[in-house]
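Residues per chain, in single letters:
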Amino acid sequence: MIAALNGAFDDISKAMRLHRVWIALAHEDIGDQHRRTTLGPLWMLVNYFAFVGTFAFVFVTKDASNPSYIAYVAIGMLVWFYLTETITMSVSLFQREASFIQGTTLPLFVYVMRLTMQCIIRAGYSLAGCVLILLLSGYGINTNWLLSSVGLLLLILATPAFVVVFAFLGAFFPDSEFIVGNLMRVGMFFTPVFWVYSGQEGVQEYAYHWNPFTYFLEGVREPITAGIFPGHSLAVTGYFCLGLWAIALLLLGLYRKRIVFLI
Amino acid sequence: MTSITLNNVSLVYRLFEKLTLSAPGRRRSALGGNIAKSGTKQVVQALDGVSFELKAGDRLGLVGPNGAGKTTLLKVLYGIYQPSGGTISITGKVDALFNIHIGFRPEATGRRNIVLRGLISGWTAAEIEEKMEEIIDFSELGDFIDLPFKAYSQGMAARLAFAAATTLEPEILLMDEWIGAGDASFQEKAKRRMDELAEKAGIIVLASHDDALIRRVCTKKLTLRAGRVESLA
């Protein structure tokens, strides 16, 4: 166990020393995806506006009396898109990186950070859109935004662990790419991304309280939309991150040298 | 002093079987080698008791039929595969050319690709900057260097990959097959570069099916069969 953890930390530390590699590759990835388009990476901002606009348009009539609903959806979409993209792309990570893994001695965590960086860059465009929506909705910048950024920070800290866990899952069980993809699509409806929980019973109660993604969302959203310190959400998210990182370190330590034989 | 010493090196890994209609006796791993049973698990013996020693200036040609373990041995030497038995002792900075396209992005220019390839190989920004013109000169790409990599012919891609891998003068260079990709003038130029590397007390290990290439480039020949050393001459 100790040897496995040492191996994982060694891999991570080597990857962090090669930060210029994964930052450069992540930028190239983003550039390649939008190279021939007129708007370039701004398409990510357009996509975000389109989704938030659609949900706000469909559901705002019911909640027209609640001016915070658009902000609620805007933050919910920002966090959900980030989570769903990170997780679904992680499952096929080692397959996508097969030629690198089979042809170079780069630490495995380099690929984890390459994807993490990609997801953060993409989320940066959505974040710009989200800030604009919040400002237009009358949420001026204040100290609550600082509290919200704590939730965002936890989300970013959890990202490499999410990537490691789901990348190993995808390497060991290739079917999980489709299972996880479908679960994340359905998961949006079981997570308070666009619906508001106000004490309902039944499925919504379970979906709200027993869904770890709820706490990632609320940790970012509650300070701005409800003006409260999301102590409970941050605590749950923090414990979840620790657990996820523990699993990620074990997987990395025990199986990183076997990945090359699996892909 | 640059050197490579392998003592009774073996590589055994568990076979993760995928659904297949092939008869069990006809299943073969992508890595080559022999499939055997270990308890209830199927394992592949990709290398078995491989021993040899190379010293500064040696140029070793790896030959053998498909699945003999040539590429696997190169990847063990590079550190991609961890051997399951035996010992490996390597002194010297190792670089490898297994695949022309590794580290090269089709949409990026040749110049940008040199930067990326350098970063992946662990070069510093200053080293990349310093060697940039030398790589471009050696590759003879001229104005093509500022065009996307995808516009390059196979030979141009090979020249750029070879130039990038050898300009920083690795002490040990591992190459798999592809060097035969370029035209005759490139191959002659590549041979001269390899001569220079070897003369600077380097070691070159080249895997190929091309006996003429091995004779032209290498000073030693190791024949592998089913993961075992058949001969070393």
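- If you look chain B up in an unreviewed UniProt entry, it shows as ABC transporter ATP-binding protein from Mesorhizobium intechi.
- In the Sequence similarities (unreviewed entry) part of its UniProt record, chain B is described as follows: "Belongs to the ABC transporter superfamily."

- Chain A is annotated in an unreviewed UniProt entry as ABC transporter permease of Mesorhizobium intechi.

## Notes on the overall build of chain A
- Along the backbone of chain A there are 13 helices and zero strands.
- Reading chain A from its N end, one meets helices and strands in the order α-α-α-α-α-α-α-α-α-α-α-α-α.
- By the compact-globule yardstick of 18 Å for 263 residues, chain A fits well, its C-alpha radius of gyration being 19 Å.
- Considering only C-alpha atoms, chain A reaches an extent of 60 × 45 × 35 Å along its principal axes.
- With 263 residues in all, chain A has 52% of them scored as buried.
- Nonlocal contacts in chain A, meaning residues at least 24 apart in sequence, comprise 76% of its contacts between residues at least 6 apart.
- Just so you have it, chain A exposes about 12,200 Å², and 69% of that area is on carbon and sulfur atoms.
- Between the mean site of the 14 positive side-chain charges and the mean site of the 14 negative ones, chain A shows a separation of 10 Å.

## A closer look at a nonpolar patch on the surface
- Residues Leu39(A), Leu42(A), Trp43(A) and Val46(A) make up a contiguous nonpolar surface patch of roughly 320 Å² in combined accessible area.
- Structurally, Leu42(A) is set in helix H3 (residues 42–59).

## Quick notes on the side chain of Arg159(B)
All names here are of chain B.
- By secondary structure assignment, the location of Arg159 is in helix H4 (residues 154–167).
- Comment: no salt bridge for buried Arg159; closest opposite-charge side chain is Glu140, at 4.4 Å.
- Of note is the side chain of Arg159, whose polar atom sits 2.7 Å from the backbone oxygen of Ser139.

## Comments concerning the packing of helix H7 (residues 108–136) of chain A against helix H8 (residues 143–172) of chain A
All names here are of chain A.
- It is at 10 Å that the axes of H7 and H8 come closest, and there the two elements cross at 145°. The interaxial crossing formed by H7 with H8 has right-handed handedness. Between H7 and H8, the contacting residues are Leu108, Phe109, Val112, Met113, Leu115, Thr116, Ile120, Leu127, Val131, Leu134 and Leu135 on the first element and Trp145, Leu152, Ile156, Thr159, Pro160, Val163, Val164 and Phe168 on the second.
- Considering only residue class, the contact of H7 with H8 consists of 17 nonpolar, two polar and no charged.

## What about the UniProt feature "transmembrane region" (unreviewed entry) in chain A?
All names here are of chain A.
- Taking the numbering used here, the UniProt-annotated feature "transmembrane region" (unreviewed entry) corresponds to residues 42–60, 66–83, 123–141, 147–172, 179–197 and 236–255.
- For the annotated span residues 123–141, helix accounts for 74% and strand for 0% of the residues, and the straight-line distance between the end C-alpha atoms is 19 Å.
- As annotated, residues 179–197 has a helix share of 47% and a strand share of 0%, and its two end C-alpha atoms lie 27 Å apart.

Cut-offs and rules
Residues numbered from 1 in each chain as written. Chains lettered and ligands numbered in written order. Predicted model: local features only at pLDDT ≥ 70, side-chain atom pairs only at ≥ 80, totals over all residues. Heavy atoms only, no water. UniProt positions renumbered as here; feature names shortened; annotations may be inferred. Helix = DSSP H or I, 4+ residues; strand = E, 2+ residues; numbered from the N terminus. Rg over C-alpha atoms; globule rule 2.2 N^0.38 Å. Buried < 20%, exposed > 50% of the residue type's maximum accessible area, 1.4 Å probe, protein only. Contact = heavy atoms within 4.5 Å. Areas by Shrake-Rupley, 256 points an atom, 1.4 Å probe, with all protein chains shown as cover. Lys, Arg positive; Asp, Glu negative; His and termini not counted. Charge placed at Lys NZ, Arg CZ, Asp CG, Glu CD. Patch = residues over 30% accessible without salt bridge, like charges linked within 9 Å, V, L, I, M, F, W, Y side chains within 5 Å. Salt bridge = Lys/Arg side-chain N within 4 Å of Asp/Glu carboxyl O. Polar contact = N/O pair within 3.5 Å; in protein donor to acceptor, adjacent residues only side chain to side chain. Axes fitted to C-alpha atoms, helices over the stretch in contact; angles between N-to-C directions. Left-handed = near helix turned anticlockwise from the far one by under 90°. Nonpolar A, V, L, I, M, F, W, Y, C, P; charged D, E, K, R; others polar.

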